[in-house]
Amino acid sequence: MSPEVALHRISPELRPLLCSVVRNGRVGLDSTNCLRVTDLKTGCTSLTPGPCCDRFKLHIPYAGETLKWDIIFNARYPELPPDFIFGEDVEFLPEPSELPHLVQWDAGNPECLLQLVKELIQQYHHYQYQRLRESSRLLFEYDSLLEDPNYGRNMEIYAGRKNSWTGEFSARFLLKLPVDFSDIPVYLLKDTALDPGEDVALLSVSFEDAEATQVFPKLYLSPSIEHALGGSSALHIPAFPSGGCLIDYVPQVCQLLTNKVQYVIQGYHKRREYIAAFLSHFGTGMVEYDAEGFTKLTLLLMWKDFCFLVHVDLPLYFPRDQPTLTFQSVYHFTNSGQLYSQVQKSYPYSPRWDGNEMAKRAKYAWVTAWKVFAFCMAKVNSCCKYLKDQSDY
Amino acid sequence: MAASISGYTFSSVCYHSANSNSDHEGFLLGEVRQEETVSISDTQISSAELIQVVEIHNHDPCAQLFSFYDYAGKINEESLNSILKDRRKSVIGWYRFRRNTQQQMSFREQIIHKQLTELLGVPDLVFLLFSFISTANSSTHALEYVLFRPNRSRFNQRITLTIPNLGNTSQQEYKVSSVPNTSLSYTQVIKEHGAEFFDKDGVMKDIRTIFQVYSALQDKVQAVCGEVEQSERVKEKIQEDVNKLKQQIALRKRKTAEEEKRLRESQNADSHSTPEENTEPSLASPLSRITFHTPSAPERPSTSPNPPSYADLLSQDDSLLSSSSPPTSAALLPRPQAVGSPGHPTPGPLGMALGLGLGLGTSSNPVTTPSTPYLGNGDGSSSDSLDRQAAGQEDDEDDEDDDEEEEDEDSSEYENLVSEAAHLPVGSASILAQGRPAALSPDGDARGSQTT
């Protein structure tokens with residue numbers, strides 16, 4: 001149910017409360033998924049006219065699960081606080097004194113419901129922690145992470161459904177990795193269809209048993225970050241070492257991610273430097289270059305009355321990866337109607353050179369390459385001429 | 001645990017709930033009983049089962065929500081008292097009605113329930129949840145109700161709530177509900193008009209009169225028992241007398257038989273009776289084969305057309321008695337009749353034996369007439385003995401082979417005398433003349449006539 005439909009059907013007195021929930025509701029770590037509302041029903045008699053729905057199901061993402069809580073208002077008494085049914089968590093019973101927004105419920109405050117839900121989530125977190133106590137190993141994991149200020153404050157746990165047949169205990173840890181994505185160049189983040197929202201990286205570690213023998217880690221990145229880092233296949237996290245601890249593993253993953261991000265940032269700057277250098281060396285011959293992402297560069301060069309184009313493609317992981325050169329003739333067409341071009345990848349190159357160095361060396365290197373190219377061009381020329389003469393005959 | 005609610009209380013709750021424009025709540029009044037059922041099955045002698053029965057008599061709706069608790073769910077005891085007043089003691093649960101929600105206790109309901117359990121001091125407070133579900137076009141509405149027992153373990157929380165007579169009463173009987181009616185008007189009317197049906201103890205008058213009839217019948221039965229006992233004692237006494245007399249008779253007869261034997265032996269030593277001796281064994285053998293046994297269930301065959309005179313019976317008796325052979329084989333004689341018998345002439349000693357012999361000699365039928373089982377009862381009615389004789393006749397044919405069995409089967413308390421004919425001499429015509437062997441059976445006449 002889309003938020004608009006929900007807002008339309010709900011009783012007018014309750015509309016502001018629901019509005020803040022569906023529009024701005026970000027609860028928990030996974031804020032890319034906002035709160036969803038379904039099953040909007042009414043508590044009034046069926047003869048009551050107009051929008052009078054006052055009870056609904058709220059879907060809250062938490063630790064990789066979705067909590068489905070029923071929230072029950074009374075449309076005839078909108079000033080009264082709501083009641084909750086916590087779905088399958090029949091043993092979850094928070095202490096009302098821990099819910100200040102319930103005790104001092106203010107129906108006039110549109111944020112009241114959202115705040116109450118946040119407080120309930122906090123209590124739910126406590127409740128899950130209590131359930132986690134059944135496994136000492138996992139409890140240790142939790143406590144050790146809690147001590148670290150980097151991770152402790154941004155952790156959600158779900159102490160899982162104990163399988164009543166086999167007595168298996170499972171748990172899931174969802175951690176927000178403290179990686180700084182702010183330096184990622186904006187252009188990389190722009191290219192997504194969705195509202196990027198907050199850039200976040202979440203690490204979800206599932207323990208399928210209490211002894212931590214089956215552990216499945218998974219990294220979730222917000223779409224823009226994923227794109228910036230080169231897609232979902234670009235980042236592979238190492239497997240959880242058997243017998244290892246989260247307190248060792250999580251920083252490892254964090255570091256890996258940070259390195260990747262750093263690399264991307266560096267790459268950007270390097271490319272910028274490269275193009276700047278080329279601009280200064282070949283300034284007059286510059287046709288065009290990518291001024292945002294610095295990924296492409298096109299030069300028009302002349303040597304001994306022979307003009308040609310050089311396209312330079314800079315890869316994402318420049319300078320680790322070598323740029324691709326494409327020589328293109330301005331005179332000749334291939335059979336398919338394209339300009340004749342030749343790709344050159346093997347030329348002297350080292351990632352350790354700086355931009356200036358690369359530009360200088362490029363000049364010399366390209367001459368040789370160009371010579372070959374020119375020779376080819378000449379040959380092509382003569383062939384064409386010959387053919388032309390032949391045809392005259 | 002079982003629970004029941006009377007139909008009118010249930011409908012009243014539904015009425016209040018369905019007419020409210022929001023959620024609705026109230027209290028359930030009633031009582032909790034303990035019932036013990038003892039059941040006997042093939043595997044166990046008895047197993048006692050103790051169940052608690054919750055009966056809901058009445059309900060007390062709350063006028064509005066949050067009337068006795070605040071936003072945090074904390075109960076205000078004063079408000080609770082002002083709502084319940086003096087009915088607080090009979091509160092056994094509370095109910096809540098909400099539309100279009102799950103059948104599960106909500107957060108606030110659980111908190112309130114815990115507090116109510118403590119405040120009211122009812123350890124097993126029940127919670128009745130009504131849920132009203134309507135279809136989208138409001139064509140069908142479903143009222144669902146679940147009774148919870150939240151103070152027990154999580155897995156055993158729901159109790160079935162029975163509403164007596166809610167169902168298909170064409171197939172079942174209309175049951176009188178065990179849930180009593182606590183309405184004041186009802187009790188008043190019953191008080192006024194009850195005197196016509198009930199006596200001062202509260203028991204229905206009809207029941208009392210029936211009980212009186214029953215007591216009277218019981219007294220009569222007791223009296224009859226007494227009479228039966230007395231008559232049985234008299235009968236027993238008479239039986240003993242009869243037995244004694246019989247023993248005396250038997251003793252006397254044995255003595256006379258022994259004397260005559262001695263007499264005969266001394267006579268026989270003089271005379272030589274070869275032909276009789278030859279025939280004797282031939283006569284003896286069929287005679288010895290004659291066995292009778294008392295049938296366990298005495299039959300009552302039709303009386304013979306010519307019942308013999310008592311004299312005949314006696315003579316037959318005596319002739320058999322005169323032999324000194326032990327009473328191992330079959331011949332059962334008719335007994336002298338103490339009561340109701342025509343006369344008691346002195347028994348002729350040998351008449352029977354010769355009659356026996358004659359009977360055997362002339363007819364191919366090895367059955368002998370006088371040997372009949374005496375199956376008479378203590379009354380000594382003659383007809384019985386005659387009948388028994390006939391019965392004895394019928395049995396003769398079967399019994400020929402059952403010489404030995406006869407002793408065991410003899411359950412009669414009367415002595416069975418052996419057919420002494422085996423040892424009797426065949427001899428004298430006088431005895432023959434006396435003997436009337438065949439009169440006792442349908443065949444007997446013919447033989448008798450043959451012989452004479």
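Residues numbered from 1 in each chain as written. Chains lettered and ligands numbered in written order. Predicted model: local features only at pLDDT ≥ 70, side-chain atom pairs only at ≥ 80, totals over all residues. Heavy atoms only, no water.

Looking up chain B in an unreviewed UniProt entry gives the name Abraxas 2, BRISC complex subunit, with the organism given as Sparus aurata. Here is the UniProt Sequence similarities (unreviewed entry) comment for chain B, exactly as written: "Belongs to the FAM175 family. Abro1 subfamily." (UniProt positions renumbered as here; feature names shortened; annotations may be inferred.)

As annotated in an unreviewed UniProt entry, chain A carries the name BRISC and BRCA1-A complex member 2 and is attributed to Sparus aurata. Turning to chain A, the UniProt record has this under Subunit (unreviewed entry): "Component of the ARISC complex. Component of the BRCA1-A complex. Component of the BRISC complex. Binds polyubiquitin." Checking UniProt for chain A, the heading Function (unreviewed entry) contains the comment "May play a role in homeostasis or cellular differentiation in cells of neural, epithelial and germline origins. May also act as a death receptor-associated anti-apoptotic protein, which inhibits the mitochondrial apoptotic pathway."

1. Considerations on the overall build of chain B
When you go through chain B residue by residue, the secondary structure sums to 12 helices and eight strands. When burial is assessed residue by residue, chain B has 41% of its 452 residues classed as buried. Within chain B, residue pairs in contact and separated by at least 24 positions form 75% of the contacts whose partners lie at least 6 positions apart. (Helix = DSSP H or I, 4+ residues; strand = E, 2+ residues; numbered from the N terminus. Buried < 20%, exposed > 50% of the residue type's maximum accessible area, 1.4 Å probe, protein only. Contact = heavy atoms within 4.5 Å.)

2. Side note on the packing of aromatic side chains
Across all of its chains, the model carries 32 aromatic pairs over all chains by this definition. A ring pair is formed by Phe-73 of chain A and Trp-105 of chain A, whose centres lie 6.0 Å apart and whose planes are at 50 degrees; its orientation type is tilted. With a gap of 32 residues between them, Phe-73 of chain A in the loop between β3 (65–72) and β4 (83–85) and Trp-105 of chain A in the loop between α3 (100–103) and α4 (112–132) connect regions that are remote in the sequence. Pair check on accessibility: Phe-73 of chain A and Trp-105 of chain A agree, each one buried. Members of the aromatic cluster, joined through ring pairs, are Tyr-62, Trp-69, Phe-84, Phe-86, Phe-92, Tyr-124 and Tyr-127 of chain A together with Phe-107 of chain B. Above the plane of the ring of Phe-132 of chain B lies Arg-99 of chain B, whose end atom (NZ or CZ) is 5.7 Å from the centre. (Phe/Tyr/Trp six-rings, centres within 6.5 Å; stacked < 30°, edge-to-face > 60°. Lys NZ or Arg CZ within 6 Å of the ring centre and 35° of its normal.)

3. Considering the nonpolar core
Phe-56, Ile-60, Trp-69 and Leu-113 of chain A are the most contacted members of the largest nonpolar core, which totals 44 residues. Breaking this core down by element, the ones donating at least two residues are α1 (3–9), α2 (15–24), β1 (36–42), β2 (53–62), β3 and α4 of chain A together with α3 (107–120) of chain B. Not counting residues up to four positions away in its chain, the partners in contact with Trp-69 of chain A are Phe-56, Lys-57, Leu-58, Ile-60, Ile-85, Phe-86, Gly-87, Phe-92, Leu-120, Ile-121 and Tyr-124 of chain A. Among the nonpolar cores identified, the runner-up in size contains 42 residues, and Leu-139, Leu-177, Ile-225 and Cys-254 of chain A belong to it. (Core = buried A, V, L, I, M, F, W, Y, C linked by side-chain atoms within 4.5 Å.)

4. Looking at the packing of α4 of chain A against helix α5 (residues 136–147) of chain A
Residue and element names in this part refer to chain A. Direction vectors running N to C along α4 and α5 enclose 135 degrees, while the axes themselves pass 9 Å from each other. Classified by the angle their axes make, α4 and α5 are oblique. Judged by residue contacts, His-125, Tyr-129 and Leu-132 of α4 engage Leu-138, Leu-139, Tyr-142 and Asp-143 from α5. (Axes fitted to C-alpha atoms, helices over the stretch in contact; angles between N-to-C directions. Parallel < 35°, antiparallel > 145°, perpendicular 65-115°, else oblique.)

5. Things to note about a nonpolar patch on the surface
Residue and element names in this part refer to chain B. There is a patch of nonpolar side chains on the surface, built from Phe-197, Phe-198, Val-203, Met-204 and Ile-207 and spanning about 410 Å² of accessible area. You can see Met-204 is positioned in the loop between α4 (184–193) and α5 (205–270). Classification of Met-204 as partly exposed rests on a relative accessible area of 32%. (Patch = residues over 30% accessible without salt bridge, like charges linked within 9 Å, V, L, I, M, F, W, Y side chains within 5 Å. Areas by Shrake-Rupley, 256 points an atom, 1.4 Å probe, with all protein chains shown as cover. Salt bridge = Lys/Arg side-chain N within 4 Å of Asp/Glu carboxyl O.)

6. What about the sheet that holds strand β9 (residues 286–289) of chain A?
Residue and element names in this part refer to chain A. The sheet built from five strands is open, its strands ordered β9-β10-β11-β12-β13 with antiparallel pairing. Sheet topology places β9 and β13 (339–344) at the edges, where each strand pairs with a single neighbour. Recorded for the sheet is a direction-independent mean angle of 20 degrees between the axes of neighbouring strands. The pairing of strand β12 (residues 324–333) with β13 spans five bridges and is antiparallel. Paired with Thr-326 across the two strands is Val-343, which belongs to β13. (Pairing = 2+ DSSP bridges.)

7. Looking at the sheet that holds strand β5 (residues 126–134) of chain B
Consider a sheet: its strands pair through backbone hydrogen bonds, and that pairing is either parallel or antiparallel. All names here are of chain B. An order of β7-β6-β5-β4-β2-β3-β1-β8 is seen for the eight strands of this open sheet, with the pairing classed as mixed. This sheet does not close on itself; its edge strands, each paired only once, are β7 (158–159) and β8 (161–162). As paired strands, strand β2 (residues 24–39) and strand β3 (residues 47–61) are joined by 14 bridges and run antiparallel to one another. Note that in β3 the partner of Ser-39 across the bridge is Ser-47. Docked against the sheet, helix α1 (residues 7–18) engages β1 (2–5), β2, β3, β4 (91–99), β5 and β6 (141–148), running at close to 45 degrees with respect to β3.

8. Focus: α5 of chain A
All names here are of chain A. Helix length check: α5, at 12 residues, gives a terminal C-alpha distance of 16 Å against a target of 16 Å (1.5 Å per residue), a fit within 8%. Taken together, the buried positions of α5 are occupied by Arg-137, Leu-138, Leu-139, Glu-141, Tyr-142, Ser-144 and Leu-145. Looking at the packing, one finds that the buried side of α5 touches α4, α6 (149–152), β5 (155–159), β6 (171–176), β7 (201–207) and α9 (246–281). (Expected span 1.5 Å × (residues − 1).)

9. Side note on helix α2 (residues 77–84) of chain B
Counting along an α-helix, one turn takes 3.6 residues, and residues three or four places apart therefore face a common direction. Residues and elements named next belong to chain B. For α2, the full list of buried residues reads Ser-79, Leu-80, Ile-83 and Leu-84. Down the axis of α2, the buried set is contained in an arc of 125 degrees. They therefore lie on one face. Those residues of α2 that are buried are in contact with β2, β3, β4 and α3. Looking one or two places after α2, you find Lys-85, whose phi comes out positive at around 55 degrees. (Arc of directions from axis to C-beta.)

10. Remarks on the interface of chain A and chain B
With 32 residues of chain A at the contact, the number on the chain B side is 26 residues. Of all residues in chain A, the largest losses of buried area upon contact with chain B belong to Asp-83, Ile-85 and Leu-93 of chain A, amounting jointly to 21% of the total for that side. Ionic pairing is found between Arg-55 of chain A and Asp-23 of chain B, a salt bridge with its closest N-O pair at 2.9 Å. Taken together, chain A and chain B are joined by 12 residue pairs in polar contact (both at pLDDT 80 or more). Every element with two or more residues in the side of chain A that touches chain B is listed here: β1, β2, β3, β4 and α3 of chain A. The greatest single-element share of the side of chain A that touches chain B, amounting to three residues, is contributed by β4 of chain A. Here the side of chain A that touches chain B is built from residues that sort into 17 nonpolar, seven polar and eight charged. (Buried area = accessible area lost by both parts, 1.4 Å probe. Polar contact = N/O pair within 3.5 Å; in protein donor to acceptor, adjacent residues only side chain to side chain. Nonpolar A, V, L, I, M, F, W, Y, C, P; charged D, E, K, R; others polar.)

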